[in-house]
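Analysis of the macromolecular model
Below, each chain spelled out in residue letters.
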There are 2 protein chains.
Amino acid sequence: MPHTDLPLDPACDLVLERVIDAPVARVWAAWVDPASLSQWWCPKPYRATDWALDLEPGGAFAFVVRSPEGEGFPYVGCVLEVEAPHRIVWTTALRAGFRPNPQTGDVPAFSCVVTFEADGERTRYRAVARHANAAGARVHTEMGFHEGWGAALDQLVSLVTA
Amino acid sequence: MPHTDLPLDPACDLVLERVIDAPVARVWAAWVDPASLSQWWCPKPYRATDWALDLEPGGAFAFVVRSPEGEGFPYVGCVLEVEAPHRIVWTTALRAGFRPNPQTGDVPAFSCVVTFEADGERTRYRAVARHANAAGARVHTEMGFHEGWGAALDQLVSLVTA
């Protein structure tokens, strides 16, 4: 059993699950293609642009969140595991080359395990954001994890079921 | 080229290099075996005990530093990449299952890329500790990185050349 399938810790982990009416290959493709990601990753009217996505351990997982006014907020993470088309793991604790990210103090670091499981022609989609502790999960919840990631997932679903 | 072979950043990376008069297989074996690690990892009279070392991405990289008086200081990290017998990458920014470690504020997080390259019957050994920034590397230097890791390496060399 891969270690990333360790049991959930309900106090520290935030979970987003959905059965998507599209096959795994299609959902995966929309997940790893920068052109698609730019369409669904950020709840509109924000957009995620300038993707650097390098699908191997130690690869970049970075983009810029662009406001409707054109302001840009860089987001820098690191890919940890890729098992196409079934799993990708990435973290905000590191950046490309496994280098630690500076500690910012405001946004709690998390690692995200996203799995894509075939259910006939549909996809059982699951994203688990793992935090250092319950305080990190709480802050992330208060920052709107479920609303934000849920709205983004709605956009992903629209894209792959269109 | 794996991402972990990215060029050094002299401001943020601390490097320990040595040509060891023992073959790669022997140095590697002493590096990944808890019984051996307990003998060389900490400069004596300290010892590293209770190893949890799981040689796959997301596996534990954890032990207890034991003082001569018997006090124990837990150390908890995560394995990121393993390419036996030539490379192991681990980080203090995460722990088992890729979960972020809590931010402590005192010890700067780092990721360590250790490589073992054959040079005839000898081993070109290299450990690179990659920090978030120059401040992290400076703190780690002031904490005695070179003295501590150098003394531990001396112990590893004694063990594999005995």
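In short, a report on the structure.

Rules of the game
- Residues numbered from 1 in each chain as written.
- Chains lettered and ligands numbered in written order.
- Predicted model: local features only at pLDDT ≥ 70, side-chain atom pairs only at ≥ 80, totals over all residues.
- Helix = DSSP H or I, 4+ residues; strand = E, 2+ residues; numbered from the N terminus.
- Rg over C-alpha atoms; globule rule 2.2 N^0.38 Å.
- Buried ≥ 20, exposed ≤ 12 C-beta atoms within 10 Å, placed from the backbone.
- Contact = placed C-beta atoms within 7 Å.
- Least-squares fit on C-alpha atoms with pLDDT ≥ 70 in both.

Side note on the overall build of chain A
For chain A, the count of helices and strands is four helices and nine strands. Each helix and strand of chain A, ordered N terminal to C terminal, gives the series β-α-α-β-β-β-β-β-β-β-β-α-α. The globule rule puts the C-alpha radius of gyration for 162 residues at 15 Å, and the 15 Å found for chain A is close to it. Among the 162 residues that make up chain A, the fraction classed as buried is 33%. Sequence-distant contacts in chain A: of pairs separated by 6 or more residues, those separated by 24 or more amount to 49%.

Notes on the relation of the copies chain A and chain B
The transform that puts chain A on chain B rotates by 180 degrees and translates by 0.0 Å along the axis, for an RMSD of 0.0 Å. The transformation relating the two chain copies, once decomposed into turn and shift, fits a two-fold axis. When C-alpha positions in chain A are compared against the rotation axis, the closest is assigned to A:Ala93, at 3.2 Å. Comparing interface residues between copies, 97% of those in chain A also sit at the interface in chain B, which points to an isologous, same-surface contact.

Quick word on the interface of chain A and chain B
Between chain A and chain B, the contact holds 30 residues from the first and 29 residues from the second. Every element with two or more residues in the side of chain A that touches chain B is listed here: strand E4 (72-83), strand E5 (87-91), strand E7 (99-100), strand E8 (110-119) and strand E9 (122-131) of chain A.

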